[in-house]
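Residue strings, one per chain:
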There are 2 protein chains.
Amino acid sequence: MKRMEDRVFREFLQKKGLKFTKERAAILKGVFSARGHFDPDDLLIKMRGKGIRVSKASIYRTLPLLLESGLIEQVLKVDKHAHYEHTFGRGHHDHLICLKCGKVIPLYSRKLEKLQENLCRKEKFKCLTHTLEIRGYCLRCNSKSGLS
Amino acid sequence: MKRMEDRVFREFLQKKGLKFTKERAAILKGVFSARGHFDPDDLLIKMRGKGIRVSKASIYRTLPLLLESGLIEQVLKVDKHAHYEHTFGRGHHDHLICLKCGKVIPLYSRKLEKLQENLCRKEKFKCLTHTLEIRGYCLRCNSKSGLS
DNA sequence: ATTGTAATTGAGAATCAGTTGCAATTATAA
DNA sequence: TTATAATTGCAACTGATTCTCAATTACAAT
């Protein structure tokens, strides 16, 4: 049984005259088996761990394609390198990031999305994507630390 | 006449047992004379151009201090390296980023800020800072490209 | 003002993420 | 099956940021 995202990616590639290689398929599978966020290196290590041989270069070359096809989204950088997450099946959402424990809490608000659209309209800006990252302390860390 | 930000930075450093050196003062001044966004390298080049001698290392060491002191904010990465802007005197704001010409348009909405606070409250998340980056096409690029 | 000391500096080496050139390989359309 | 343009892995490369270390300096306490 083929996975939905395979179909989407295959069609995306075809439309661009690119090939659906086994490496790309493997990377796609790796990306979709990630629970949450990941970075290119995480992915490489995970795949190596499973005995799947792909090069760093192929991962770096494939990720932008997945991004372009809409199968993954870029997550803002908490630290200094690129992070991604797959979005297929799940909707777009933003993130609350705990500065103490690093936990990332997804956040979605229809109202927030609407408001952003309105603001863009006001500025006559054609909005394609956005990323909102709210940093602070999660419930647990906040109560633990005594920083009420 | 001492600038306000000098005072703030000096006090911040003192509180942490750090020194207010002439290099740090010069970097602060450089940062505050920047009109908009800048990255560490911009800053270095600008300072060199004015004949102020500071090392790359000092810039990279000072920027995080300015960040921590609240005198500057980190701007999200459109490309791959760190960008900053000073916030003293101006308020917090978010950004619309044109994917074609790279123009960055500041955006501020009281309503948006309020909504975010409410969402955090709902999640029992102690919000400290946030960054919102909306990517798309600015009016000019959008009309030029025929991508209505 | 002088001094002691811990913080800071600059310069370059080191590191790290991400990119690129290239020869060998492979997917796909005909 | 074949032609061919796209893709691969590897290793060398790039550019940003961090680190090391010896020399310097700010500043609190004399």
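Preceding block: the structure.
One structure accompanies this document, and this report is about it. (Residues numbered from 1 in each chain as written. Chains lettered and ligands numbered in written order. Predicted model: local features only at pLDDT ≥ 70, side-chain atom pairs only at ≥ 80, totals over all residues. Heavy atoms only, no water.)

1. Digging into the overall build of chain A
Reasoning step 1: Counting secondary structure elements, chain A contains 6 helices and 5 strands.
Reasoning step 2: Its helices and strands in sequence order give chain A the pattern α-α-α-α-β-β-β-β-α-β-α, from N to C terminus.
Reasoning step 3: Among the 148 residues that make up chain A, the fraction classed as buried is 44%.
Reasoning step 4: Counted over contacts in chain A with a minimum sequence separation of 6, partners at least 24 positions apart contribute 50%.
Reasoning step 5: Of the roughly 8800 Å² of accessible surface on chain A, 53% is carried by carbon and sulfur atoms. (Helix = DSSP H or I, 4+ residues; strand = E, 2+ residues; numbered from the N terminus. Buried < 20%, exposed > 50% of the residue type's maximum accessible area, 1.4 Å probe, protein only. Contact = heavy atoms within 4.5 Å. Areas by Shrake-Rupley, 256 points an atom, 1.4 Å probe, with all protein chains shown as cover.)

2. Thoughts on the relation of the copies chain B and chain A
Reasoning step 1: Superposing chain B onto chain A takes a rotation of 179° combined with a translation of 0.2 Å along the rotation axis, leaving an RMSD of 0.4 Å. With respect to symmetry, the two chain copies, as superposed, fit the operation of a two-fold axis. Looking at the rotation axis and the C-alpha trace of chain B, the residue lying nearest is leucine 132 of chain B, at 2.1 Å.
Reasoning step 2: The share of interface residues of chain B whose copies in chain A are also at the interface is 100%, consistent with both copies meeting through the same surface. (Least-squares fit on C-alpha atoms with pLDDT ≥ 70 in both.)

3. Let's talk about helix α3 (residues 40-49) of chain B
Residue and element names in this part refer to chain B.
Reasoning step 1: For α3, every residue scored as buried is listed here: Pro40, Leu43, Leu44 and Met47. Down the axis of α3, the buried side of the element spans an arc of 100°, and every buried residue falls inside it. Of the residues in α3, the exposed ones pointing more than 90 degrees away from the buried face are Ile45 and Gly49.
Reasoning step 2: Next to the buried residues of α3 lie α2 (22-32), α4 (56-68) and β2 (83-86).
Reasoning step 3: Positive backbone phi, approximately 80°, marks glycine 51, located one or two places after α3. (Arc of directions from axis to C-beta.)

4. Examining the protein's contact with DNA strand D
Reasoning step 1: Inspection of the region around DNA strand D gives 24 residues, with Arg24, Ser55, Ser58 and Arg61 of chain A together with Tyr60 of chain B positioned closest.
Reasoning step 2: Among all atoms of DNA strand D positioned within 4 Å of the protein, those belonging to sugar or phosphate total 62%.
Reasoning step 3: A distance of 3.0 Å separates a phosphate oxygen of DNA strand D from a polar backbone atom of lysine 19 of chain A.
Reasoning step 4: Between DNA strand D and phenylalanine 20 of chain B there is a distance of 3.1 Å, counted from a phosphate oxygen to a backbone nitrogen or oxygen.
Reasoning step 5: Elements supplying a minimum of two residues to the surface near DNA strand D: α2 (22-32) and α4 (56-68) of chain A together with α4 of chain B.
Reasoning step 6: When grouped by side-chain class, the residues that make up the surface near DNA strand D number 8 nonpolar, 6 polar and 10 charged. (Near = heavy atom within 4 Å. Polar contact = N/O pair within 3.5 Å; in protein donor to acceptor, adjacent residues only side chain to side chain. Nonpolar A, V, L, I, M, F, W, Y, C, P; charged D, E, K, R; others polar.)

5. Quick notes on the interface of chain B and chain A
Reasoning step 1: With 36 residues of chain B at the interface, the matching set in chain A holds 36 residues.
Reasoning step 2: Across the chain B/chain A interface, buried area totals approximately 3200 Å², and carbon plus sulfur atoms make up 69% of it.
Reasoning step 3: The largest per-residue losses of area from chain B upon contact with chain A belong to Phe125, Lys126 and Arg135 of chain B, which jointly make up 20% of the total buried on that side.
Reasoning step 4: Connecting chain B to chain A are 0 salt bridges.
Reasoning step 5: Seen at the junction of chain B and chain A, the total is 10 residue pairs in polar contact (both at pLDDT 80 or more).
Reasoning step 6: Among the elements of the structure, β3 (94-98), β4 (104-107), α5 (110-123), β5 (126-137) and α6 (139-145) of chain B are those that each provide at least two residues to the side of chain B that touches chain A.
Reasoning step 7: Take the side of chain B that touches chain A: its biggest share by element is 12 residues, from β5 of chain B. (Buried area = accessible area lost by both parts, 1.4 Å probe. Salt bridge = Lys/Arg side-chain N within 4 Å of Asp/Glu carboxyl O.)

6. Focus on the sheet that holds β4 of chain B
Picture the strands of a sheet paired through backbone hydrogen bonds; they go either parallel or antiparallel.
Reasoning step 1: Taken in spatial order, the 6 strands line up as β4(A)-β3(A)-β5(A)-β5(B)-β3(B)-β4(B) in an open sheet, and their pairing is mixed. Of all the strands in the sheet, just β4 (104-107) of chain A together with β4 of chain B have a single pairing partner and so form its edges. Looking at each pair of strands side by side, their axes are set apart by 20° on average, direction ignored.
Reasoning step 2: Here 11 bridges tie strand β5 (residues 126-137) of chain A to β5 of chain B, and the two strands are oriented antiparallel to one another. If you follow histidine 130 of chain A over to β5 of chain B, its bridge partner there is isoleucine 134 of chain B.
Reasoning step 3: Sheet strands in contact with helix α5 (residues 110-123) of chain A are β3 (94-98) and β5 of chain A together with β3, β4 and β5 of chain B, and its direction is about 130° off that of β5 of chain A.
Reasoning step 4: Helix-sheet contacts for α5 of chain B involve β3, β4 and β5 of chain A together with β3 and β5 of chain B, and the interaxial angle to β5 of chain B is about 130°. (Pairing = 2+ DSSP bridges. Axes fitted to C-alpha atoms, helices over the stretch in contact; angles between N-to-C directions.)

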